[in-house]
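Take a look at the letters that make up each chain.
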Amino acid sequence: MTKYEGIRLDGVGVTLGGTEVVANVDLDIAPGEFVCLLGPSGCGKSTLLNVIAGFVPATGGVFVGGHEVKGPGVERGVVFQSAEALFPWLTVRQNVEYGPKIRGASRSECAEISERYLRLVGLFHASDKLPSELSGGMRQRVQIARVLANEPSVILMDEPFGALDAQTREVLQREVDRIWRATGATIVFVTHDISEAILLADRVVTMSVGPRARIKTVAKVDLEHPRDLMDPRALALHRMLRDDIGSEVNKSLRAQGLLTEEAA
Ligand SMILES: Nc1ncnc2c1ncn2[C@@H]1O[C@H](COP(=O)(O)OP(=O)(O)OP(=O)(O)O)[C@@H](O)[C@H]1O
Ligand SMILES: [Mg+2]
């Protein structure tokens, strides 16, 4: 079903409002790989994701499946932090069928697609409900089903579970892991949560603070699934990533005069 496509960022830079937010970002993501992007608030994670999505123009090269990104495309699905991206006047089923319908799928094809993906996210029973009748976690699942219905080869997720409680978050993390295996899509997932990154990613990429933020560390997560965060290797990786990001946060605080050398 899914065409496997890698992502390549080659000397990518982004200037927003006169500030060079990210600079010289090089990153190669293999087809079917799951990469988590971690970093202090404001460093440019969403910016980088939006560059891959084609929402934000960049200098340098941005390639998906070997093709240069020049704007948004249906082969790149984006899951946002909040489910406001859903159409509130459409039912769950209609939201999921929206993309296929636009692409010219027949009624029966649309029905088949929405059933498949709503079952995959465990929400087929809620097909006829409106988004306003669902919990936050359910809405996020609809958003994921809606993105999957376009059968993207690349899924870009920007803190998709940031607004959810810890239990719902855990359920959805497992679900994303399962969906990733089922579809084989390449996933770039932005998060603040180090544990979430270690649970999900093949590789965790950290960013330095901006302006001119760049990739700081690329860590491979060599742990078998399902992952145990209490595994000594997971704990060691957690500590390394925490120190890596912590030192960037301190740099940013120092630059703002909010941290003295002694306190650091
Ligand atoms: N339209 C814009 N004009 C000017 N500056 C912008 C614009 N959008 C974002 N920025 C700046 O770019 C930087 C990176 O923003 P971005 O949203 O990518 O950060 P982030 O890493 O996703 O942060 P968070 O973790 O808080 O979501 C920030 O310093 C922000 O102030
Ligand atoms: Mg962001």
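Residues numbered from 1 in each chain as written. Chains lettered and ligands numbered in written order. Predicted model: local features only at pLDDT ≥ 70, side-chain atom pairs only at ≥ 80, totals over all residues.

Caption draft 1: Representation of the nonpolar core within the structure. Membership of the largest hydrophobic core comes to 67 residues, with the highest contact counts inside it found for Cys 36, Leu 37, Ile 52, Ala 145, Leu 156 and Val 188. When residues no more than four places from it in sequence are discounted, the contact partners of Leu 37 are Lys 45, Leu 48, Val 188, Val 190, Val 205 and Met 207. (Core = buried A, V, L, I, M, F, W, Y, C linked by C-beta atoms within 7 Å. Buried ≥ 20, exposed ≤ 12 C-beta atoms within 10 Å, placed from the backbone. Contact = placed C-beta atoms within 7 Å.)

Caption draft 2: A look at the site of ligand 1. In the vicinity of ligand 1 there are 13 residues, among which Gly 17, Ser 41, Lys 45, Ser 46 and Thr 47 approach most closely. Examining the composition of the shell around ligand 1, we find that three residues originate from one element, helix 1 (residues 45–53), more than from any other. Among the residues forming the shell around ligand 1, the class breakdown is three nonpolar, nine polar and one charged. (Near = placed C-beta within 6 Å. Helix = DSSP H or I, 4+ residues; strand = E, 2+ residues; numbered from the N terminus. Nonpolar A, V, L, I, M, F, W, Y, C, P; charged D, E, K, R; others polar.)

Caption draft 3: Representation of the pairing of strand 6 (residues 76–79) within the structure. Here strand 6 shows a buried face lined by Arg 76 and Val 78 and a second buried face lined by Gly 77 and Val 79. In this sheet, strand 7 (residues 154–158) lies alongside strand 6 in parallel orientation, the contact comprising four bridges. Of the residues in strand 7, the one forming a bridge with Val 78 is Leu 156. (Pairing = 2+ DSSP bridges.)

Caption draft 4: Representation of helix 2 (residues 92–102) in the model. Those residues of helix 2 that fall on the buried side of the exposure criterion are Val 92, Arg 93, Asn 95, Val 96, Glu 97, Gly 99 and Pro 100. The inward-facing, buried residues of helix 2 contact helix 3 (107–120) and helix 4 (136–148). One or two residues past the end of helix 2 sits Gly 104, with phi positive at roughly 95 degrees.

Caption draft 5: Looking closely at the sheet that holds strand 2 (residues 19–29). Taken in spatial order, the four strands line up as 2-1-4-5 in an open sheet, and their pairing is antiparallel. Two strands close off the open sheet at either side, each with one partner strand: strand 2 and strand 5 (67–68). Of the strand pairs in this sheet, strand 1 (residues 7–16) and strand 4 (residues 59–64) are connected by five bridges, and their pairing is antiparallel. Bridge pairing links Asp 10 to Gly 61 in strand 4. Packing against the sheet, helix 1 makes contact with strand 1, strand 2 and strand 4, and its axis sits at approximately 120 degrees to strand 1. (Axes fitted to C-alpha atoms, helices over the stretch in contact; angles between N-to-C directions.)

Caption draft 6: Summary view of the environment of Cys 36. In this fold, Cys 36 is placed in strand 3 (residues 34–38). Note on Cys 36: 27 C-beta atoms within 10 Å, which makes it buried. The sequence separation of Cys 36 and Asp 10 amounts to 26 residues, and the corresponding C-alpha distance is 18 Å. When sequence neighbours within four positions are dropped, the list of residues in contact with Cys 36 reads Phe 189, Thr 191, Ala 197, Leu 200, Ala 201 and Val 204.

Caption draft 7: A look at helix 4. Over its 13 residues, helix 4 runs 18 Å from end to end, which matches the ideal 18 Å to within 8%, given 1.5 Å per residue. Judged by how many residues are buried, helix 4 sits mostly within the fold: ten of 13 residues are covered. Within the span of helix 4, buried status applies to Arg 139, Gln 140, Arg 141, Val 142, Gln 143, Ile 144, Ala 145, Arg 146, Val 147 and Leu 148. Elements in contact with the buried residues of helix 4: strand 6, helix 2, helix 3, strand 7 and helix 5 (166–183). (Expected span 1.5 Å × (residues − 1).)

Caption draft 8: Fine view of the sheet that holds strand 9 (residues 203–207). Strand order in the open sheet formed by six strands is 6-7-8-3-9-10, with mixed pairing between adjacent strands. Across the chains shown, the open sheet's two edge strands, defined by having one partner strand only, are strand 6 and strand 10 (215–220). Each strand axis lies, on average, 15 degrees off the axis of its neighbour in the sheet, ignoring direction.

Caption draft 9: Molecular detail of the packing of helix 2 against helix 3. In the contact formed by helix 2 and helix 3, the axes pass within 9 Å of each other and the chain directions differ by 125 degrees. On the basis of the axis angle, helix 2 is oblique to helix 3. Pair helix 2 / helix 3 crosses with right-handed handedness. Contact residues: Val 92, Arg 93, Val 96, Glu 97, Pro 100 and Lys 101 in helix 2; Glu 109, Cys 110, Ile 113, Ser 114, Tyr 117 and Leu 118 in helix 3. (Parallel < 35°, antiparallel > 145°, perpendicular 65-115°, else oblique. Left-handed = near helix turned anticlockwise from the far one by under 90°.)

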